[in-house]
Amino acid sequence: MNAMRYEAPGSIDEVVALLAAADGDSRILAGGTDLLVQMQSGFVKPGLIVDVKKIAEATTITAEDGGFRIGAAVCGAEIGEHADLKEAWPGVVEAAELIGSVQIQARASLGGNLCNASPAADSVPALIAAGAVCSIAGPKGRREVPVADIATGPGETSLGTGEVVVSIHLPAQSPRSGDAYLRFIPRTEMDIAVVGAAINLSLDENGQCSAARVVLGAVAPTALLVTEAADALIGGPVDDAALERLDAAARAACRPIDDKRGTADYRTKVSGVLARRAAGIALERARSNS
Amino acid sequence: MDGQGQDFKWIGKRTVRPDGVDKVTGRANFGADFSLPGMLVGKVLRSTHPHARILSIDTEKAHALPGVKAVITAADLPDIPSEEAHFGEDPTDFRHVSHNVMARDKALYDGHVVAAVAATSESIADEALGLIEVNYEVLPHVLDVEEAMKPGAPLVLEDLITGGVTPTPKDPSNIAKRVQFDLGDTEAGFKKANMVVERRFTTKPVHQGYIEPHAVVASTSEDGHTLVWCSSQGHFMIRAACAKLLGLDVSQLRVMPAEIGGGFGGKITVYLEPLAVLLSRKTGRPVKMVMTREEVFRGTGPTSGTVMTVKIGATKKGQITAAEATLAYQAGAFPGSPVGLGCMTAFAPYDLENVKTVGFDVVVNRPKATAYRAPGAPLAAFAAESVLDELAKALDIEPLELREKNAAKEGTKAPYGPRFGPIGYVETLQAVRDHPHYSAPLGPNQGRGIASGFWMNFGGQSSAVVNVNEDGTVVVTLGHPDIGGSRASMALMAAEVLGIDIAKVRPIIGDTHTIGFSDITGGSKVTFASGMAVVEAAGDVVAQLRERTAMIWEVEAEGVVWEDGHALPASTNVGEFEPLSLAQIAAMAAKIGGPISGRASINAKGAGPGFGTHICDVEVDRETGRVVVLRYTAVQDAGRAIHPAYVEGQLQGGAAQGIGWALNEEYVYGDDGRLQNPGFLDYRMPVASDLPMIDTVIVEVPNPNHPFGVRGVGEVPIVPPLAAVANAVENAIGVRMADLPMSPPHILAALEDKA
């Protein structure tokens, strides 16, 4: 029998020290909505669990540089109830709120969703589209890394041994800009994205698209930032022709697999549909955000 | 008496359910809630091969682990001979049940149990499972029903000879049985048709999806008597199967029914129970076994996946001249798919001269199929009602009218033999026509479909005891586990017969040693059969109350009548007496003849066939293939709704399960024969937000064979939805979906094929 140790320190320094001193598999516990399921089904048997929910920095949302710093362990329900955050980044908030049921929303966190490194994670495409940056603590101190650079493959991250994501910073949203996230699931709830699409776009004073970031989820080993799809929008009006180009560019970028949740062919087709629909929502938001 | 025109005091009232408070507070004890001091944890080891010969099992290391009290394999169970067992609607074989509970010689599917342990803790039990060394010879496997039927397919059971075929085949195959039902001459019938539609359908196995995983506690005393607590659809079935599989006397086993968190047919057989009993007998300690959800999916019964062909011909005016169906159903690893019931029910809603249905029961390397709500019928109805819809369109006749023109009525000879008594199919069609849903406008990409369904409903053995307490309250003891609200319905019927307030009646489920034998809760029998037993037992109480009153009044018993809960003189000739209430008589019982207790043990005959017709509206997203059910109405003949809220709940629940079956539920197996989606995340049953409020209409055409006119209602409502959804999808996008599930990728592919 393997004994498991549980620690819930009050500071990030203590977390780093605990991880550094641990031998064998150690895991960070934020909401636990992935970790506990993985433990229950025997996929992981950690020797040490470090709960980060007692740490203020990891559990609060604060305004910073016109944007927001969201603690890695802040739960989806709290994100959804943050009026200012929701106004600035409705797509990110929607994505966070899509994770799991009402009960799961009281636990599931952005940090957990990111570090679980599922290609189908709902919040990750929206965070990447928003240009979010993580604050990471580790044995060598702090570093800042774009969210896009965390996941390296299914279940795998670029985090070094003993490193922990402490918070995620969302920049100030530009004027005349809007973001949106849509996912496709066969049901209405309690499911995992077959395809996800996040769009963050900005309009110039003439209503032409001046900047865009298009990110697809569940169609490759990690969330895909598709610059060709963004280029389809930038420099002109977001009209039907632009949306058709976006649709085609999204489909062309997909590298999905066949699995129990959907076929590669189906995922590819739906990625274009979702990108187009998400762009429509982002456009409306950008227009009303001037 | 058929209940017509009766003025009821309690029948038809929406009373508070007797089990409700304990269930909403969490106090109710389900299978896994029971514990005993010194209890061990039992766990099973399951094969991860879909088909493998078990060359050897070495349990020595597991035995040696401190805390392990017993390890068992098939060698510890008696190798029992073949013997027909009657648990549910279809017969099975105790030998197959034994081999399903614990693999003997071969593991036949991913999830098949090969060994079990009992240990002092769950983690020790888990560790022990890891120490059991099974030496397998992996064999080629077959999952698909058509592949399994081909000559040269891997043989799941090496000695299986097809039944129902003359001459008897010499060589074994995976076809366990061929069945055929005939009426008239279909060849001649098709010649008279102006239009014939024929289509092939396929469906995937689906799970019953009950919320409560299987759970059992068994405790054996030094004298060899074992107590068993578990949730099931029949504690007498659990007792019979455990006794047979372990070679025990029936009286050595006492089975206590726990509250049950859903069964839908999936709990009419044993899985863990015989193993828990054996482990308890070996260790002399209580043993608890509880399945995980993954084990439920990998190890317990789904209903069959199928390949079906249906052909229907009709005249220009819409008179059906002939109907044929060929149904091949997966049985899983052992014979016993519900294909016979599929054959019997496929065309039963219609008055047809010429019908032929042929069924094949086919074994494959999947878990043994178990009953699922109207076993076999939803599949056959999916095919038959889809072809009817297509035929109606080809004839330019409204699908509802085509059904009206051919509807079965009293006196119609059913395709499987009997002539129907009074039935309410036509009344369900009329209710559909009259319902505002039927004529409500539809928007773009929206469609409406209707479909009908039939279930013969069952009766059978049932026992009830009605004990009058000294204060005039009453305890009604029943023999069937309460899955669909039977305690509420039985209390209502007892209160009606006794003429007392429902609050004075307490219904309970007796265990196997305290109530007479009763069949499983299944076949939509309980409100009908148990209701008859309760009415008879309550009538027995009334007879005793009249006798006691006669003793008090010093008159003949015939001189006393029972009305509205009171004994009254039958006429003024008997004499002038103040009415005596049940409570007054009960208070005096000790002095006048002793306790008052009524009982009945019956074999109920004359179950009334049930019919339903459903209306479904869908909207299809043409870009993603996603189908949303917008509106749904279920109409059904209940004979007499004893507790209408429960009847409505049955209609809604059946429709919800049928919609899930139609849209997204399926087992996903890899090429390696392993199940890839053993959980509710990826086995996509509908969640609450996926469904609209399901409207219900109860039609009441009383069953003359029941004192209050009851027909079973639990199974019919899952029969129409598969075709109702498919017909609605066709109406929305002009594509006939013949393969289930109609999941988004399938719908999108079908739309692209059409374009």
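Residues numbered from 1 in each chain as written. Chains lettered and ligands numbered in written order. Predicted model: local features only at pLDDT ≥ 70, side-chain atom pairs only at ≥ 80, totals over all residues. Heavy atoms only, no water.

Colleague: Could you clarify how one ought to interpret the sheet that holds strand β4 (residues 61–64) of chain A in this entry?
Modeller: Working definition: the strands of a sheet are paired by backbone hydrogen bonds and lie parallel or antiparallel to each other. Residue and element names in this part refer to chain A. Pairing is antiparallel across the open sheet formed by five strands, whose spatial order is β4-β5-β10-β6-β7. Bordering the open sheet on either side are β4 and β7 (141–146), each of which pairs with just one other strand. If you compare each strand with its neighbour and ignore which way they point, the axes differ by 25° on average. One ladder, built from five bridges, connects strand β6 (residues 133–138) with strand β10 (residues 164–170); its direction is antiparallel. Across the sheet, C134 pairs through a bridge with I168, a residue of β10. (Pairing = 2+ DSSP bridges. Helix = DSSP H or I, 4+ residues; strand = E, 2+ residues; numbered from the N terminus. Axes fitted to C-alpha atoms, helices over the stretch in contact; angles between N-to-C directions.)

Colleague: Would you mind showing me how to read the interface of chain B and chain A here?
Modeller: For an interface, size is often stated in terms of accessible area lost upon the parts coming together. Contacts between chain B and chain A engage 25 residues on the former and 19 residues on the latter. Together, the buried faces of chain B and chain A total about 2000 Å²; carbon and sulfur atoms form 51% of this surface. On the chain B side of the contact with chain A, E623, R626 and R684 of chain B bury the most area, a combined 28% of that side's loss. On the surface where chain B and chain A come into contact, there are seven salt bridges. (Contact = heavy atoms within 4.5 Å. Buried area = accessible area lost by both parts, 1.4 Å probe. Salt bridge = Lys/Arg side-chain N within 4 Å of Asp/Glu carboxyl O.)

Colleague: Please explain empty space enclosed by the protein as it appears in this structure.
Modeller: The rolling of a water-molecule-sized probe over the atoms marks out the regions of remaining empty space. Residue and element names in this part refer to chain B. Inspection of every chain in the model, using the stated rule, returns seven cavities of 30 Å³ or more. In this structure, the largest cavity encloses a volume near 310 Å³. Around the largest cavity sit 24 residues that line it, and T92, K368, A369, T370 and A371 are the ones nearest its centre. Ranked by the residues each element gives to the lining of the largest cavity, the list is headed by helix α3 (residues 94–101), at four residues. In terms of residue class, the lining of the largest cavity is built from 13 nonpolar, eight polar and three charged. Counting only domains with at least three residues in the lining of the largest cavity, you end up with domain 2 (34–139 + 211–262 + 267–299) and domain 3 (302–457 + 608–754). (1 Å grid on protein atoms, 1.4 Å probe; cavity = no way out; pocket = protein on both sides within 12 Å on 5 of 7 lines; lining within 4 Å. Points joined across faces, edges and corners; volume = space filled by probe spheres on them. Nonpolar A, V, L, I, M, F, W, Y, C, P; charged D, E, K, R; others polar. Domains from an automatic or database assignment.)

Colleague: What am I meant to see in unusual backbone geometry here?
Modeller: In terms of backbone geometry, most residues other than glycine have negative phi values and most peptide bonds are trans. All names here are of chain B. Here the bond from T166 into P167 is cis, since omega is -5°, no more than 30 degrees from zero. Topologically, P167 is positioned in the loop between α5 (145–149) and β9 (175–183). In the segment running from L740 into P741, the intervening peptide bond is cis, with an omega of -5°. Turning to its location among the elements, P741 is positioned in the loop between α19 (721–733) and α20 (744–754).

Colleague: Please clarify how the pattern of salt bridges should be interpreted in this entry.
Modeller: One side chain can pair with another of opposite charge once the charged atoms of both are near each other. For the coordinates displayed, the defined rule picks out 61 salt bridges over all chains. Between R69 of chain A and E64 of chain A there is a salt bridge whose closest N-O contact spans 2.7 Å. For R69 of chain A, a relative accessible area of 16% translates into the label buried. Taking relative accessible area as the criterion, E64 of chain A reaches 26% and is therefore assigned partly exposed. A salt bridge links R433 of chain B to E404 of chain B; the shortest N-O distance between them is 2.8 Å. Of the two residues, R433 of chain B sits in helix α13 (residues 425–434) while E404 of chain B sits in helix α12 (residues 399–406), which places them 29 residues apart along the sequence. (Buried < 20%, exposed > 50% of the residue type's maximum accessible area, 1.4 Å probe, protein only.)

Colleague: Teacher, can you tell me more about the domain arrangement of chain A here?
Modeller: All names here are of chain A. Annotation of chain A at the domain level lists domain 1 (5–51), domain 2 (56–170) and domain 3 (177–287). Computed from C-alpha atoms alone, the centre-to-centre distance between domain 1 and domain 2 is 18 Å. With 10 residues of domain 1 in contact, the opposing surface of domain 2 contributes 16 residues. Of all residues in domain 1, the largest losses of buried area upon contact with domain 2 belong to I12, V16 and T33, amounting jointly to 45% of the total for that side. At the boundary of domain 1 and domain 2, one finds zero salt bridges. Linking domain 1 with domain 2 are three residue pairs in polar contact (both at pLDDT 80 or more), by the criterion used here. Looking at the side of domain 1 that touches domain 2 residue by residue, the class counts come to six nonpolar, three polar and one charged. (Polar contact = N/O pair within 3.5 Å; in protein donor to acceptor, adjacent residues only side chain to side chain.)

Colleague: What should I look at first to understand the layout of surface pockets in this one?
Modeller: All names here are of chain B. Of the pockets and cavities examined, the second largest pocket occupies roughly 660 Å³. Lining the second largest pocket are 27 residues, with H96, L157, D159, F334 and P335 positioned closest to its centre. Counting residues per element, the ones that place at least two in the lining of the second largest pocket are β5 (92–93), α3 and β9. With three residues, α3 is the largest single contributor of residues to the lining of the second largest pocket. In this structure, the lining of the second largest pocket is formed jointly by two domains, domain 2 (34–139 + 211–262 + 267–299) and domain 3 (302–457 + 608–754), each of which donates at least three residues.

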